[in-house]
Each structure stands twice: as structure tokens, then as C-alpha cells.
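In case you want the letters, here they are:
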Amino acid sequence: MTYTYKPTGVCAQQITIEINDDETIKDIKFLGGCNGNLQGISALAKNRTMDEVISILKGIKCGFKGTSCPDQLAKALEEIKEEF
């Protein structure tokens, strides 16, 4: 299944997440943001469960912002889990 999330408080404008039936992450694409860093986050999250990624990324902050692209990804995954 493919989900689209609109992050807030960060440079990225959209996160597209593909989830396998076993709740593992198939693919993640960010629109906007720091391209190299977000490609790295996406690659590290692939084939992990949503719970694993949430526990690793939740609460990370970017500079003086109260959130970050990784934190927004964790929030997106939490919303997806509610639908699953």
C-alpha cells in the first residue's frame, strides 16, 4: 500500500511511503528537503518494520525546530499504523 503524508515544520513538502503487507517498509520518497540525507534515511528504513523505524526516528529535532524530517517520517508511520 502507498501512503502520502504532508509534513509540517520541515523543508520536505511530502513523504510517500510504500508498506508491504507484513508492515515492513518497501520504499520511502521525500519531496524537497536535504536530498542526500533523506535518501540515506530512506535506504536505512527499507525492509524494517514501522515500529523499528518509529522507535529510532521519533523525537529527532533539526536545529532549533521542534521536529525534523526523520521525526515527521515517524509521525507518518504512526498514522499509517492506525489505519493498518
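Everything quoted here is computed from the prediction, not taken from an experiment. (Residues numbered from 1 in each chain as written. Predicted model: local features only at pLDDT ≥ 70, side-chain atom pairs only at ≥ 80, totals over all residues. Heavy atoms only, no water.)

*Asks:* Got a minute to help me understand the nonpolar core in this structure?
*Replies:* Grouped together as the largest cluster of nonpolar side chains are 23 residues, with contacts concentrated most on I17, I19, I25, I28, F30, L73 and L77. Those elements that place two or more of their residues in this core are strand 1 (2–5), strand 2 (14–19), strand 3 (25–31), helix 1 (35–45), helix 2 (50–57) and helix 3 (69–83). Among the elements that make up this core, the one with the highest residue count is helix 3 (6 residues). Once residues within four sequence positions are removed from consideration, I25 is found in contact with E18, I19, N20, A45, K46, N47, R48, M50, V53 and L77. (Core = buried A, V, L, I, M, F, W, Y, C linked by side-chain atoms within 4.5 Å. Buried < 20%, exposed > 50% of the residue type's maximum accessible area, 1.4 Å probe, protein only. Helix = DSSP H or I, 4+ residues; strand = E, 2+ residues; numbered from the N terminus. Contact = heavy atoms within 4.5 Å.)

*Asks:* How do you make sense of helix 2 when you look at a structure like this?
*Replies:* Turn by turn, an α-helix covers 3.6 residues, leaving residues three or four places apart pointing in a common direction. Of all the positions in helix 2, only M50, V53, I54 and L57 are classed as buried. Taken around the axis of helix 2, the buried residues stretch over an arc of 100°, which confines them to a single face. Taken together, the buried residues of helix 2 touch strand 2, strand 3, helix 1 and helix 3. Positive backbone phi, at 95°, marks G59, one or two positions downstream of helix 2. (Arc of directions from axis to C-beta.)

*Asks:* Which parts of the structure should I look at to understand the layout of surface pockets?
*Replies:* Rolled over the atoms, a probe as big as a water molecule pinpoints where empty space is left. The space that makes up the largest pocket amounts to roughly 160 Å³. Looking at the largest pocket, it is lined by 13 residues, and the ones nearest its centre are C34, L38, C62, C69 and P70. With 3 residues, helix 1 is the largest single contributor of residues to the lining of the largest pocket. (1 Å grid on protein atoms, 1.4 Å probe; cavity = no way out; pocket = protein on both sides within 12 Å on 5 of 7 lines; lining within 4 Å. Points joined across faces, edges and corners; volume = space filled by probe spheres on them.)

*Asks:* Even after reading the chapter, I still don't get the environment of K58, so can you show me in this structure?
*Replies:* Inspection of the secondary structure puts K58 in the loop between helix 2 and helix 3. Distance in space between the C-alpha atoms of K58 and C11 is 17 Å, their sequence separation being 47 residues. Here the side chain of K58 touches E78 through a polar contact of 2.8 Å, side chain to side chain. (Polar contact = N/O pair within 3.5 Å; in protein donor to acceptor, adjacent residues only side chain to side chain.)

*Asks:* Even after reading the chapter, I still don't get the environment of K29, so can you show me in this structure?
*Replies:* Tracing the chain through its elements places K29 in strand 3. Separated by 25 residues in the primary sequence, K29 and T4 have C-alpha atoms spaced 9.5 Å apart. In contact with K29, not counting residues within four places along its chain, are Q14, I15 and T16. A polar atom in the side chain of K29 sits 2.5 Å from the side chain of D27.

*Asks:* What should I look at first to understand the sheet that holds strand 2 in this one?
*Replies:* Sheet strands line up and pair through hydrogen bonds in the backbone, either parallel or antiparallel. The sheet built from 3 strands is open, its strands ordered 1-2-3 with antiparallel pairing. With partners counted over all chains shown, the strands left at the sheet margins are strand 1 and strand 3, one partner each. Ignoring which end each strand starts from, the neighbouring axes of this sheet average 15° apart. (Pairing = 2+ DSSP bridges. Axes fitted to C-alpha atoms, helices over the stretch in contact; angles between N-to-C directions.)

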